[in-house]
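Results of the structural survey
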Amino acid sequence: MTAVDQGAQGAERTLGQLVASATAEMSALVHDEIALAKAELREDVRRGATGGIAISIAGVFALFSLPVLSFAAAYGIHNLGLGLAWSFLIVGVAFLLLAGLLALISVSKFKKVKPPEKSIASVKETAAVLQTVKPHPRPVSDKAVGVARSSS
């Protein structure tokens, strides 16, 4: 078949076939855009989950440091010298340092979470194309018949 034959065959397509083709292509476009958005969001959810886990662990370490620091302060006031209290103080400070480090890691992970830019651009492009399409209005005929509604 030559290009002329294919063009002639495409010109012979019925209105129903054209509508079905346009519907299928529009459906495929929407499905592709949804798949793109899912792929982008999946990566952002993974980053967000990592940041959430890190901040949760930081909170647990900070919570554990409170009783330790409390014991250290109590023993430090009681002893006023190097003793058991200083060991509690060192452990408490170590927990706070770990909590601070994990908090910094989680903040850096949260800052990497971005909106699905490719999907947004694709949707805007599709919307711009669809806004330029103008419908072909039906010609109004003088013989238009109104639809009678039954009262029963």
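The present account deals with the structure reproduced in this document. Starting from 1, residues in each chain are numbered consecutively following that chain's sequence as written. Local features are withheld for residues below a pLDDT of 70 in this predicted model, meaning they are given only at 70 or higher, and side-chain atom pairs are given and counted only at 80 or more; totals for whole chains, interfaces and linings count all residues. Derived side-chain values reflect all non-hydrogen atoms in the structure, with water molecules and hydrogen atoms excluded from consideration.

Some remarks on the pattern of salt bridges
Salt bridges are defined by distance alone: a side-chain nitrogen of Lys or Arg within 4 Å of a carboxyl oxygen of Asp or Glu. Applying the stated criterion to the full structure yields 3 salt bridges. We note a salt bridge from Glu43 to Arg46, for which the minimum N-O separation is 2.9 Å. In this pair, Glu43 and Arg46 are both assigned in helix α2 (residues 15–79), 3 residues apart and thus about one turn of the helix distant. Among the residues examined, Glu43 registers a relative accessible area of 33% and is labelled partly exposed. Arg47 is the partner of Asp44 in a salt bridge, and the nearest nitrogen-oxygen pair spans 3.3 Å. Residue Asp44 and its partner Arg47 are both found in helix α2; the two are separated by 3 residues, about one turn of the helix. Remark: exposure states derive from per-residue accessible area (1.4 Å probe, protein chains only) relative to the maximum for the residue type, with buried under 20%, exposed over 50%, and partly exposed in between. Arg47 sits in the partly exposed class, given a relative accessible area of 29%. Strands are runs of DSSP state E lasting at least 2 residues, helices are runs of H or I lasting at least 4, and numbering of each runs from the N terminus.

Topic: the side chain of Ser65
Inspection of the secondary structure puts Ser65 in helix α2. When its relative accessible area of 1% is taken as the criterion, Ser65 is described as buried. We call two residues in contact whenever any of their non-hydrogen atoms come within 4.5 Å of each other. Not counting residues up to four positions away in its chain, the partners in contact with Ser65 are Gly92, Phe95 and Leu96.

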